[in-house]
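Residue-level structural notes
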Amino acid sequence: MEIDSEMINFTGEEEDKKKPIVVILVGAPGSGKSTFCDHVMRVSTRPWVRVCQDTIGNGKAGKKAQCLALSNTSLKEGKSILIDRCNLDKEKRSDFINLKNCHQVDIHAIVLDLPAKLCISRSIKRTEHEGNLQGGKAAAVVNRMLQKKESPKINEGFSRITFCYNENDVQSAMDMYGSLSSENTLPGGCFGEKKTDSKVQVGIMKFLKRVDPPSKVTSDKTDKIDKSTPGPSSEGEEEKVPFESGIPTLGFPSISTADFQFNIEKASEIIVEKNQGKLSDSNGVLDRDQKVRREDVDGGIEKNKRFKGFMEESESKTVKKDYGMWAQALYRIAMHPKKHGNVVIEISDDVVVLNETYPKAQKHVLVVARAEGVDRLSDIRKEHLPILRTMHAVGLKWAEIFLKENESLIFRLGYHSEPTMRQLHLHVISQDFDSKYLKKRHWNSFNSSFFRDSVDVMQEVSEDGKAKLNDDEKFMSRELRCNRCRRPHPNIPRLRSHIAICKSPFPDHLLQKVLRTSLANYEFPIRYRTGGEQQTSY
DNA sequence: GTTCTAGAAC
DNA sequence: GTTCTAGAAC
């Protein structure tokens, strides 16, 4: 049936095979871009073309246009490309992200954010550098370039970003890309990022500070699980290490000549020491059997004995909140999903997933809890953490399915503080908000603190026993501001035509949710089973 | 949750 | 004249 064929596509491996990759190197002169390219091309069996601006003009430095032309022809021939130029700011990268022939191609960034000191000393030492950047001038050039650097972000159009801060990181990244054949690829996401992009100068003496996203000491292997993040089944003490809290993170001064006074070796020792403590503290958190099982929609649902007969009983009673009949629709679907095959796209013991009847974006589905007594977010207490985690995991899975179809989508997962429909439901919604159904109050319900991100809800429930609610009606009548550039718009049609073209990056706080959400994906691999037997596709 | 529609805003 | 909002009905 329809649902099964959709699910088989989830793995999507077949389509990925032979798909070229565009790898955009990001790094100052002397950061090791060319070495990286040479290594990958020597070791990997995938056909690569190195697009090097320093040599593209008959062995001499050439123009960006030449790089773009070579990139396009190489892609047309099905070859993967390595863009070997500095690409330090967003604008300089954008043409390579939006190459003519890069439709359906994975765009990766490798950020070689090595100490300025190292880049400069390498540049100075070069005698035969291809780009002819040598001698004392190198220091000034590298320093000036680094002042303007902007860390690549997923929303520029990258499907994967790998950050390297030292030579070990670079080696791991080279090995990873070196191991690529035409048949395999690397998963998307943001790997190894340290929050060093801050414009704020942090004093060297107090560089250990707490920041929001979890930071990693070394670059990640793609399949490695971050041990500092608890899984859905973690309990007790481990609850104290949810997502990002309590993880010390290095805040470096932004790159400047001050770096030359900075003892990077000493600093790395401290980081390793601090984080080793954290890692061993949270060992044993990795048992994360999601217990998310999918039942065939045509059968098996009868097994849900605990819900049998419930509907008949409850419909004769008045429900505790004065929900109108229309507001009970989700509740009815959660209790009798089989009767609503037209909207329901997945049924398990714990949740029902359905397409929003009036989607407010290109992709908008609801993950509805099936348990009784969880009408809304305000009903949620600590004992509901497992269901929150299951809902998040299932929501994430559907976001991934949609990303397979359209990798430019950006998803947010979250709850309304005060939903109109009864029965706890998680919104999985793409951030384009391209929908004829979108009205002012909808916009504000998804773009104000009325919308509570699933990651935050889980953290708050785990720490405080309940989620924060921002259910003030004033949020619904707020002015309409773009979710990217924050510009106000007088009405919905004007807002919609603006958001369709707005190219501004998402604000940091929002992007962090998106990144945390997607990072969580790599930490909660879900296996779907039928009848206890694992399937290769579903 | 949407639809309908009067009347405000442009 | 047309677009858009907002409140009541469903």
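Residues numbered from 1 in each chain as written. Chains lettered and ligands numbered in written order. Predicted model: local features only at pLDDT ≥ 70, side-chain atom pairs only at ≥ 80, totals over all residues.

Looking only at helices and strands, one finds 16 helices and 18 strands in chain A. Contacts in chain A between residues far apart in sequence, at least 24 positions, make up 75% of those at least 6 positions apart. (Helix = DSSP H or I, 4+ residues; strand = E, 2+ residues; numbered from the N terminus. Contact = placed C-beta atoms within 7 Å.)

Around DNA strand B, the surrounding shell consists of Trp 326, Tyr 358, Pro 419, Thr 420, Met 421 and Tyr 437. Partitioning the surface near DNA strand B into residue classes produces 5 nonpolar, 1 polar and no charged. (Near = placed C-beta within 6 Å. Nonpolar A, V, L, I, M, F, W, Y, C, P; charged D, E, K, R; others polar.)

The next point concerns the nonpolar core. Among the nonpolar cores identified, the biggest contains 95 residues, and Val 23, Ile 83, Ile 110 and Val 368 are the most heavily contacted of them. Looking at which domains feed residues into this core, each of domain 1 (1-193) and domain 2 (301-533) supplies at least three. (Core = buried A, V, L, I, M, F, W, Y, C linked by C-beta atoms within 7 Å. Buried ≥ 20, exposed ≤ 12 C-beta atoms within 10 Å, placed from the backbone. Domains from an automatic or database assignment.)

This part is about the sheet that holds strand β14 (residues 451-453). Read across the open sheet, the 6 strands follow the order β9-β10-β11-β13-β12-β14; overall the sheet is antiparallel. In this open sheet, the two strands that pair with only one neighbour each are β9 (344-347) and β14. This sheet shows a mean twist of 30° between the axes of neighbouring strands, independent of strand direction. Relative to strand β11 (residues 364-369), strand β10 (residues 351-355) is paired through 5 bridges, and the arrangement is antiparallel. Residue Val 352 lies in a different strand from β11, and its bridge partner there is Val 368. (Pairing = 2+ DSSP bridges. Axes fitted to C-alpha atoms, helices over the stretch in contact; angles between N-to-C directions.)

Here we take up unusual backbone geometry. Positive phi values are uncommon outside glycine, yet Asn 87 reaches one of about 50°. With respect to the helices and strands, Asn 87 occurs in the loop between β3 (80-84) and α5 (90-97). Take Asn 87: there are 25 C-beta atoms within 10 Å of it, and that puts it in the buried class. A positive phi is found at Phe 433, a non-glycine position, where the angle reads about 50°. As for its position among the elements, Phe 433 is in the loop between β13 (425-430) and α13 (440-446). Look at Phe 433 and you get buried, because 23 C-beta atoms sit within 10 Å.

Looking at helix α6 (residues 116-125), one finds that the buried residues are Ala 116, Cys 119, Ile 120 and Ser 123. Each buried residue of α6 lies within a common arc of 95° when the element is viewed along its axis, so the set occupies one face. (Arc of directions from axis to C-beta.)

This next bit is on the confidence of the model for chain A. For chain A, per-residue confidence averages 71 on the pLDDT scale, and 67% of positions sit at 70 or higher. Of the regions scoring below 50 in pLDDT, residues 196-320 engages in 167 contacts with residues more than four places distant in sequence or in other chains. Below pLDDT 50 for its whole length, residues 521-538 participates in 29 contacts with residues either more than four positions away or in separate chains. (pLDDT = per-residue confidence, 0-100.)

Here we come to the packing of helix α12 (residues 385-405) against helix α14 (residues 454-464). Running from N to C, α12 and α14 cross one another at 165°; their axes reach a closest spacing of 10 Å. Classified by the angle their axes make, α12 and α14 are roughly antiparallel. In the crossing of α12 with α14, the sense of the turn from one axis to the other is left-handed. Contacts from Leu 385, Leu 388, Arg 389, His 392 and Gly 395 in α12 reach Ser 454, Val 457, Met 458, Val 461 and Ser 462 in α14. When its residues are assigned to classes, the contact of α12 with α14 shows 5 nonpolar, 4 polar and 1 charged. (Parallel < 35°, antiparallel > 145°, perpendicular 65-115°, else oblique. Left-handed = near helix turned anticlockwise from the far one by under 90°.)

Let's shift gears to the pairing of strand β12 (residues 411-416). Burial within β12 is extensive, with 6 of its 6 residues counted as buried. Strand direction decides the pairing type here: β12 and β13, joined by 4 bridges, are antiparallel. Bridging from a neighbouring strand, Leu 413 pairs with Val 428 of β13. Where β12 meets β14, 3 bridges bridge the pair, whose relative direction is antiparallel. Residue pairing for β14: Tyr 415 is matched across the bridge by Arg 452.

Our focus in this paragraph is the environment of Gln 66. Within the fold, Gln 66 resides in helix α4 (residues 64-76). By C-beta crowding, Gln 66 is classed as partly exposed, having 14 other C-beta atoms within 10 Å. Here the alpha-carbon distance between Gln 66 and Val 51, two residues 15 residues apart in the chain, equals 9.0 Å. If sequence neighbours within four positions are ignored, Gln 66 has contacts with Ile 56 and Gly 57.

Turning our attention to the sheet that holds strand β1 (residues 21-26). Reading across the sheet, the 6 strands line up as β2-β3-β1-β4-β5-β6 and stay open at both edges, with parallel pairing between neighbours. Because the sheet does not close on itself, it has two edges, and the strands there are β2 (48-52) and β6 (189-191). Strand after strand, the sheet turns through a mean of 15° between neighbouring axes, direction not considered.

To continue, consider the environment of Cys 190. Mapped onto the fold, Cys 190 is located in strand β6. As a C-alpha pair, Cys 190 and Thr 162 span 28 residues in sequence and 6.2 Å in three-dimensional space.

Running from N to C, helix α3 (residues 33-43) and helix α8 (residues 167-178) cross one another at 35°; their axes reach a closest spacing of 8 Å. Here α3 and α8 pass one another in a crossing that is right-handed. Only Val 170, Met 174, Tyr 177 and Gly 178 of α8 make contact with α3, whose side of the interface consists of Phe 36, His 39, Val 40 and Val 43. Residue classes in the contact of α3 with α8 are distributed as 6 nonpolar, 2 polar and no charged.

Of all the 5 residues making up β3, 5 are buried; the element is thus mostly covered by neighbouring parts of the structure. Of the two faces of β3, the one carrying Ser 80, Leu 82 and Asp 84 and the one carrying Ile 81 and Ile 83 are both buried. Inspection of the sheet shows β1 paired to β3 by 3 bridges, in the parallel sense. Note on β3: the bridge partner recorded for Val 22 is Ile 81. Taken together, the 5 bridges between β2 and β3 define a ladder with parallel strand orientation. Pairing of Trp 48 across the sheet is with Ser 80, part of β3. For the crossover that starts at β2, traverses α4 and ends in the parallel β3, the hand is right-handed. (Right-handed = clockwise from strand over helix to strand, strands pointing away.)

In this section: the environment of Phe 475. Structurally, Phe 475 is set in the loop between α14 and β15 (480-481). Spatially, the C-alpha atoms of Phe 475 and Ser 445 are 7.3 Å apart, while their sequence positions differ by 30 residues. If we ignore the near neighbours within four places in the chain, the residues touching Phe 475 are Asn 444, Ser 448, Ser 449, Phe 450 and Asn 470.

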